[in-house]
Amino acid sequence: MKQKKAALRQEMKARRATLQQQLGASAPRQIASRLLMLPEMAGTVQKGIKAERNESSIVAGFYPIQSEIDCLFLLKALNAVQWRCALPVMSGVSKHLAFKEWDLEEELKEGAYGTREPLSDMLYVMPDVVLVPLLAFDETGHRLGYGGGYYDRTLDIYREKGHSFTAIGVAFEGQKQDSLPVSKQDQPLDIIVTEEKVYRP
Ligand SMILES: Nc1nc2c(c(=O)[nH]1)N(C=O)[C@@H](CNc1ccc(C(=O)N[C@@H](CCC(=O)O)C(=O)O)cc1)CN2
Ligand SMILES: Nc1ncnc2c1ncn2[C@@H]1O[C@H](COP(=O)(O)OP(=O)(O)OP(=O)(O)O)[C@@H](O)[C@H]1O
């Protein structure tokens, strides 16, 4: 299983790099407009516009590394319709993520692996929507990440605790696989949005 995933990771890193070169400039716009049309988002967008700022819904994105889709563009589009934004902060010890609010302007500090994280005095938040980076996905909602298990552990804890949220994978269409090697601990995505389609496993 481990070797299968490792081999696929290498292959999909190369493929995503090519996709980023070809589609990197156009895909974020297409993905943003699809995200904004999701019923899950539409309801809360309206809520966000009407509500006081501190009642707005919270979306967690990621600070893009390597050839990942430009999630900052997505966060800007959502913030423009009143979503509060957050970024993941890594805990090296427990290998899970916490999310800190980010107003899109505040200076970030360097995190591990080239990521950037909100500063320590920002608030921890529980997102209503988590935008999840990935190397590969399939139509049943399975996902392959870098292999740290951070998102798996984090989504697992949220679901165990009964926190109600939507996990949305954002990817290039070319990252889709017919099927993926799945371990027991892999946490499925609720929705995957690409520049071409919306998948609802
Ligand atoms: N943009 C982004 N932010 C993120 C993640 C992510 O996947 N993407 N994470 C998701 O968990 C967390 C960071 N965790 C990570 C865990 C492992 C690797 C990793 O293994 N990267 C390289 C190895 C590079 C190295 O060893 O120096 C790799 O591609 O193999 C990266 C991020 C939180 N923030
Ligand atoms: N909920 C969990 N509890 C404990 N260990 C976990 C959990 N989820 C994953 N792991 C462990 O983390 C390691 C990496 O998992 P996996 O290969 O599925 O990562 P990934 O989904 O590719 O990475 P990531 O989620 O960081 O993007 C594995 O050894 C796995 O057993």
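Under an unreviewed UniProt entry, the protein has the name 5-formyltetrahydrofolate cyclo-ligase and belongs to Paremcibacter congregatus. Under the UniProt heading Catalytic activity (unreviewed entry), the entry covering the protein gives this text: "(6S)-5-formyl-5,6,7,8-tetrahydrofolate + ATP = (6R)-5,10-methenyltetrahydrofolate + ADP + phosphate". Comment text from UniProt for the protein, heading Cofactor (unreviewed entry), reads "Mg(2+)".

Q: Whenever I open this one, the sheet that holds strand β10 (residues 166–170) confuses me. Can you help?
A: Working definition: the strands of a sheet are paired by backbone hydrogen bonds and lie parallel or antiparallel to each other. With mixed pairing, the 8 strands of this open sheet are ordered in space as β6-β3-β2-β1-β7-β10-β11-β12. The outermost strands of the open sheet, each flanked by one partner alone, are β6 (124–125) and β12 (198–199). Where strand β1 (residues 58–60) meets strand β7 (residues 129–132), 2 bridges bridge the pair, whose relative direction is parallel. Of the residues in β7, the one forming a bridge with V59 is V129. Where helix α2 (residues 27–37) meets the sheet, its contacts fall on β7, β10, β11 (191–193) and β12, and the angle it forms with β11 comes to roughly 145 degrees.

Q: What's the story with the site of ligand 2 in this structure? I'm lost.
A: Taken together, 15 residues are adjacent to ligand 2, and R143, G149, D152, Q185 and D186 come closest. Within the backbone of G147, a nitrogen or oxygen atom sits 3.1 Å from an oxygen atom of ligand 2. Between ligand 2 and Y150 there is a distance of 2.9 Å, counted from an oxygen atom to a backbone nitrogen or oxygen. When isolated, ligand 2 has an accessible area of 650 Å², and the protein chains bury 78% of it. Assessed atom by atom at 2 Å from the grid points, ligand 2 resides in the largest pocket. The set of elements that each furnish at least two residues to the shell around ligand 2 consists of α1 (2–23) and α5 (150–160). When grouped by side-chain class, the residues that make up the shell around ligand 2 number 3 nonpolar, 5 polar and 7 charged.

Q: So what exactly am I meant to see when it comes to empty space enclosed by the protein here?
A: The probe, sized like a water molecule, is rolled over the atoms to show the empty space still left. A complete count under the given rule lists 1 cavity of 30 Å³ or more for this structure. Taken as a whole, the largest cavity spans an internal volume of roughly 30 Å³. Each residue belonging to the lining of the largest cavity can be placed in one class, and the counts come to 4 nonpolar, 1 polar and 3 charged.

Q: When you look at the packing of aromatic side chains in this model, what are you seeing that I'm missing?
A: Each pair of aromatic rings is reported with the distance of its centres and the angle of its planes. Under the defined criterion, the tally for this structure stands at 3 aromatic pairs. A ring pair is formed by F137 and Y199, whose centres lie 5.5 Å apart and whose planes are at 55 degrees; its orientation type is tilted. Taken as a pair, F137 in strand β8 (residues 136–137) and Y199 in strand β12 lie far apart in primary sequence, 62 residues in all. Each member of the pair, F137 together with Y199, is buried. Every member of this aromatic cluster is reached through a ring pair, and the members are F99, Y158 and F165.

Rules of the game
- Residues numbered from 1 in each chain as written.
- Chains lettered and ligands numbered in written order.
- Predicted model: local features only at pLDDT ≥ 70, side-chain atom pairs only at ≥ 80, totals over all residues.
- Heavy atoms only, no water.
- UniProt positions renumbered as here; feature names shortened; annotations may be inferred.
- Pairing = 2+ DSSP bridges.
- Helix = DSSP H or I, 4+ residues; strand = E, 2+ residues; numbered from the N terminus.
- Contact = heavy atoms within 4.5 Å.
- Axes fitted to C-alpha atoms, helices over the stretch in contact; angles between N-to-C directions.
- Near = heavy atom within 4 Å.
- Polar contact = N/O pair within 3.5 Å; in protein donor to acceptor, adjacent residues only side chain to side chain.
- Areas by Shrake-Rupley, 256 points an atom, 1.4 Å probe, with all protein chains shown as cover.
- 1 Å grid on protein atoms, 1.4 Å probe; cavity = no way out; pocket = protein on both sides within 12 Å on 5 of 7 lines; lining within 4 Å.
- Sits in = over half its atoms within 2 Å of the grid points.
- Nonpolar A, V, L, I, M, F, W, Y, C, P; charged D, E, K, R; others polar.
- Points joined across faces, edges and corners; volume = space filled by probe spheres on them.
- Phe/Tyr/Trp six-rings, centres within 6.5 Å; stacked < 30°, edge-to-face > 60°.
- Buried < 20%, exposed > 50% of the residue type's maximum accessible area, 1.4 Å probe, protein only.

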